[in-house]
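# Fold and geometry: a report
Chain residues, written in single-letter form:
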Amino acid sequence: MAHEHTPDKIVVTTPTGNVGSRVLRLLLRAGVRPTLLLRDPDRLDPAVRERVDTVRGDQGDVDTVLRATRGADRLFWVDPPTTGDDPITGHARMGANAARAVEENGIGHTVFLSSVGAEKRHGAGEIDGLARTERALDATGANVLHLRCGYFFTNLLMELDSLREGVLPTLWPLDFAMPWVDPRDIGEVAAARLLAGGWSGRQVQAVHGPEDLSFSRVAEVLGSVLGREVRADRVPDDDVRAGLRSVGLSAGQVEGVVGMAAGLREGFVPEQERDVLTTTPTTLAAWAHTHLRPLF
Ligand SMILES: NC(=O)c1ccc[n+]([C@@H]2O[C@H](COP(=O)([O-])OP(=O)(O)OC[C@H]3O[C@@H](n4cnc5c(N)ncnc54)[C@H](OP(=O)(O)O)[C@@H]3O)[C@@H](O)[C@H]2O)c1
């Protein structure tokens, strides 16, 4: 007699985001009907909407998080960008909601979108908040994987005005090389881990992109893809602080941004070394060709 198999319930947060949208697509292709926790289901493609279950709500609301994850076997958790005064506390609050859901709903496997630098725990600006979420999830004792990701290519989309003037501003020393990654490739790693059984305990895996890049090299690559001169420009921390304050960011938000670079640019050695598992394929040139070039 055939046994009925109940498929695992997989819950995905931020399914409209850079990484979550890729996780969602891959789960659909794998034949999974995921449950999406999101603020506005109308933002989903109608063809996608009929292939998923949705729970509408804010990840900052613990009741919503508990409701969305009731009966869940697997969870893809992203701390969404927080709008409060202090991003570290904001992430910690989100992380506490995730941890409570893992504990109360007995979620077997959670994949968390973290960052290179979370291993420092303190002194890396907003990344300290991701570290707080890592710790909260670790304390559940459930199976948890932290994806410590490099710097997203998509951050360049916040610099379009400067890039149009041929300048790539940065808080980092121009020759400081660090991992840069396409968020879509992170989504592939996350989806693979959500679908794979057979891993257990607390695990950390880095997602480093194809190569470490300095801002000078990034400017060179962008210049060649965009067919115009682009130069990297190191901006002093205090100038960045003044700029961010002038567009309305709170003191905590400003330090969240400046602190990331300040904490990771000097004497920081990432815990995870680049290797065959952490290296993902999409190059900056390929990403820029698809996503940046059409905007110029
Ligand atoms: N940028 C980097 O270099 C970098 C590096 C390492 C780690 N990270 C981490 O990556 C995460 C961001 O990932 P991403 O780039 O894929 O996201 P993203 O494209 O910035 O999208 C943000 C997502 O969060 C959702 N969202 C925002 N506030 C929400 C709330 N209160 N409740 C529920 N959903 C909410 C948005 O949904 P709607 O707007 O559609 O409602 C959207 O799906 C952050 O945790 C960041 O710390 C970033």
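In the block above lies the structure referred to throughout.
Remember, predicted model here, so these are calculated numbers, not experimental data. (Residues numbered from 1 in each chain as written. Predicted model: local features only at pLDDT ≥ 70, side-chain atom pairs only at ≥ 80, totals over all residues. Heavy atoms only, no water.)

### Focus on the side chain of His208
- Relative to the assigned elements, His208 resides in the loop between strand S10 (202-207) and strand S11 (212-213).
- In this structure His208 comes out as buried when scored by relative accessible area, which is 4%.
- Once you skip the residues sitting within four places of it in the chain, His208 turns out to touch Val116, Pro179, Trp180, Val181, Gln272, Glu273, Arg274, Thr278 and Thr280. (Helix = DSSP H or I, 4+ residues; strand = E, 2+ residues; numbered from the N terminus. Buried < 20%, exposed > 50% of the residue type's maximum accessible area, 1.4 Å probe, protein only. Contact = heavy atoms within 4.5 Å.)

### Notes on the sheet that holds strand S6 (residues 143-149)
- Read across the sheet, 7 strands follow the order S3-S2-S1-S4-S5-S6-S10 without closing on themselves; strand pairing throughout is parallel. A single partner strand is all that each edge strand has here, and the edge strands are strand S3 (53-56) and S10. Each strand of the sheet is rotated relative to its neighbour by a mean of 20°, with strand direction disregarded.
- Note that strand S1 (residues 10-13) and strand S4 (residues 74-77) share 3 bridges and pair parallel. When the bridges of S4 are listed, Ile10 appears paired with Arg74.
- Of the strands in this sheet, S1, strand S2 (35-38) and S4 are in contact with helix H1 (residues 20-29), which crosses S1 at around 155°.
- The strands touched by helix H5 (residues 127-138) within the sheet are S4, strand S5 (109-115), S6 and S10, with S5 carrying the most contacts at an inclination of about 160°. (Pairing = 2+ DSSP bridges. Axes fitted to C-alpha atoms, helices over the stretch in contact; angles between N-to-C directions.)

### Thoughts on the pattern of salt bridges
- Under the criterion given, the structure shown has 20 salt bridges.
- Residue Asp45 is joined to Arg25 by a salt bridge in which the shortest nitrogen-to-oxygen separation is 4.0 Å. With a gap of 20 residues between them, Asp45 in the loop between S2 and helix H2 (46-49) and Arg25 in helix H1 connect regions that are remote in the sequence.
- For Asp45, a relative accessible area of 38% puts it in the partly exposed group.
- Overlapping salt bridges, with partners in common, bring together Glu119, Arg121, Glu134, Asp138, Arg148, Arg202 and Glu271 in one network. (Salt bridge = Lys/Arg side-chain N within 4 Å of Asp/Glu carboxyl O.)

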